[in-house]
Amino acid sequence: MWNRRKEEEPTPRSTNSSNLPTGSNEGMPMQTTSSRLDQDAPAPSRGATIGKGVSITGQIYSREDLIIDGEVEGTIEAAEHKVTIGPNGKVKAGIKAKDIVVLGAVQGNVEATDKMDIKKDAKLVGDIKTARISIEDGAMFKGSIDIVRTEVPKPVTKPQPVAVTSAPQQAMAASAGAADAKR
Amino acid sequence: MANPFKAFFRAVQGSRDSESSLRPERPSGRPAASQSIVKAPAVMAPPQLRQSAALQQFVRSLDTNRDLRLLDLGGANAANIQFMTQMGTRLYSEDFFATLEDCFGDGDYYENQRDPARVDSFLIQTFSEQRGPFDGALVWDCLQFLRPSLLDKTIDHLHRILEPGAHLLAFFHADDKAQTIPQFHFKINDENSLTVEQRSEMPPGQAFSNRNIERLFEDFSSTKFFLSRDSIREVLVRR
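A brief look at the structure comes next. Predicted model only: the values in this text are computed from it and were never measured.

About the thresholds
Residues numbered from 1 in each chain as written. Chains lettered and ligands numbered in written order. Predicted model: local features only at pLDDT ≥ 70, side-chain atom pairs only at ≥ 80, totals over all residues. Heavy atoms only, no water. Helix = DSSP H or I, 4+ residues; strand = E, 2+ residues; numbered from the N terminus. Buried < 20%, exposed > 50% of the residue type's maximum accessible area, 1.4 Å probe, protein only. Contact = heavy atoms within 4.5 Å. Areas by Shrake-Rupley, 256 points an atom, 1.4 Å probe, with all protein chains shown as cover. Pairing = 2+ DSSP bridges. Axes fitted to C-alpha atoms, helices over the stretch in contact; angles between N-to-C directions. Buried area = accessible area lost by both parts, 1.4 Å probe. Salt bridge = Lys/Arg side-chain N within 4 Å of Asp/Glu carboxyl O. Nonpolar A, V, L, I, M, F, W, Y, C, P; charged D, E, K, R; others polar.

Here we come to the overall build of chain B. The helix and strand inventory of chain B stands at nine helices and nine strands. In chain B, buried positions account for 48% of the 239 residues. A sequence separation of at least 24 residues applies to 70% of the contacts in chain B between residues at least 6 apart. Carbon together with sulfur atoms contributes 48% to the accessible area of chain B, which is approximately 11900 Å² in total.

Dropping the structure here:
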């Protein structure tokens, strides 16, 4: 019965206020275990940005999305990520990334394993190698375009048992059939 | 002698006397000196779809069983890239008009085309970076806006970078007496149709009669003209 009464009582949704220090926490969001976990979790990745006042010479390897609005000379690589050259970006570099978006000026060969996007007023001098490309009217591009055809993997079919007869066996079967027909 | 700048300002203020001094003295078929060469058309015509028999022959002349290299001088656009790369060709895009503007656009456009340093710079920028030889060239209407001397040099370069037997597709305005002619952006829809968008208006570099065009390509093995209902002459030239 004691237990039944406990079950019948609606469980309070929030922590009992009497257990909390009064005054200072009023109007503040309640801190629960789950929210503390959220705080500990890494913030969602927005990517790294090279601002328009920044100038870099050298090699850039990125393990997150990269926005370049400054000047870069060298090489840029972000194999699984997106590289965006902003409207103020001036890049003299080879770029290799999953997706590449150009709004500024790029001089160098670019390779986008997934998609290349050249926006209006962008300027790109160099060769492009990509699977997909989009170029807006008003963009300026000089160079070659090599579309890499990604082969669609064929669906794996389970090998079905097939009665295979070798050529001599087939010949024998044929001759046997012919003999039966003669009979 | 009247100062041209004063004359200009008087003309802006509406002085009738100065109008005559503003009129450019120009030989027939030649563009006027010191004028703003590229003009946005007064009324921008909507993009038009047109059939192109020359494009069809150009596309059919391509041997798609092997790796092809095509040169497109009209500047990159998604339609042309998609069409050509779907055929398995490698497309080399060159923005001819942007380079023209870069090299000759400041000041008198056609007078600047007499400057050997600018001409060299233009030819280097347009052709040296290209990795020929090419199996075809889409020249569109680019050749109309060059002075005769620069035009000859450009044709020489095209001859040099094209494979023997390769085709070149060029368009010329049909009215060879027009003071200004439209400059278009050509987008391939399919093998025999194009979307034509007017970008600007410019005086032509010279008058282009059929005879002139034939003479222009005399080093090539053949020149074929295609008649059309509109004012564009299509020319397919075989190297």
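Having seen it, we continue.
Looking at chain direction, strand β5 (residues 90-102) of chain A and strand β7 (residues 110-118) of chain A are connected through seven bridges and run parallel. Paired with A:I100 across the bridge in β7(A) is A:M116.

Our next topic: the side chain of B:Q113. Residues and elements named next belong to chain B. Here Q113 shows up in the loop between α6 (109-112) and α7 (116-128). A residue is classified by how much of its surface remains accessible, and Q113, at 1% relative accessible area, is buried. Setting aside anything within four residues of it in sequence, one finds Q113 in contact with L100, F104, V119, F145, L146, R147 and L150.

Turning our attention to the sheet that holds strand β1 (residues 48-51) of chain B. Residue and element names in this part refer to chain B. Here three strands make up an open sheet; going across it, the order is β1-β7-β6 and the pairing antiparallel. Two strands in the sheet have a free side with no partner beyond their single neighbour: β1 and β6 (181-190). Strand-to-strand twist of the sheet, defined as the mean angle between neighbouring strand axes without regard to direction, takes the value 40 degrees. Two elements, β1 and strand β7 (residues 193-202), share four bridges in a ladder whose sense is antiparallel. Opposite Q51, over in β7, you have S193 as the bridge partner.

This part covers the interface of chain B and chain A. The extent of an interface is frequently quoted as the accessible surface area lost upon association of the parts. In this assembly, 21 residues from chain B lie in contact with 16 residues from chain A. On the chain B side of the contact with chain A, B:A76, B:I81 and B:R90 bury the most area, a combined 29% of that side's loss. Counting the contacts that link chain B with chain A gives three salt bridges. Note that B:R90 is salt-bridged to A:D146, the shortest N-O span being 3.3 Å. At the level of elements, α4 (78-86), β3 (89-93), α5 (96-104) and β6 of chain B are the ones that each hand at least two residues to the side of chain B that touches chain A. Looking at side-chain class alone, the side of chain B that touches chain A contains six nonpolar, seven polar and eight charged residues.

For the structure on display, the rule yields 15 salt bridges over all chains. For A:K142, the salt bridge goes to B:E94, with nearest N and O atoms at 3.4 Å. Here A:K142 is found in strand β10 (residues 140-147), whereas its partner B:E94 is found in the loop between β3 and α5 on a different chain. Side by side, A:K142 and B:E94 carry an identical accessibility label, which is buried. B:E234 is the salt-bridge partner of B:R50, the closest N and O atoms lying 2.5 Å from each other. With B:R50 in strand β1 and B:E234 in strand β9 (residues 232-238), the pair connects residues that are 184 residues apart, well separated along the chain. What makes B:R50 buried here is its relative accessible area of 7%. What makes B:E234 buried here is its relative accessible area of 3%. Salt bridges sharing common partners tie together A:D117, A:K119 and A:E136.

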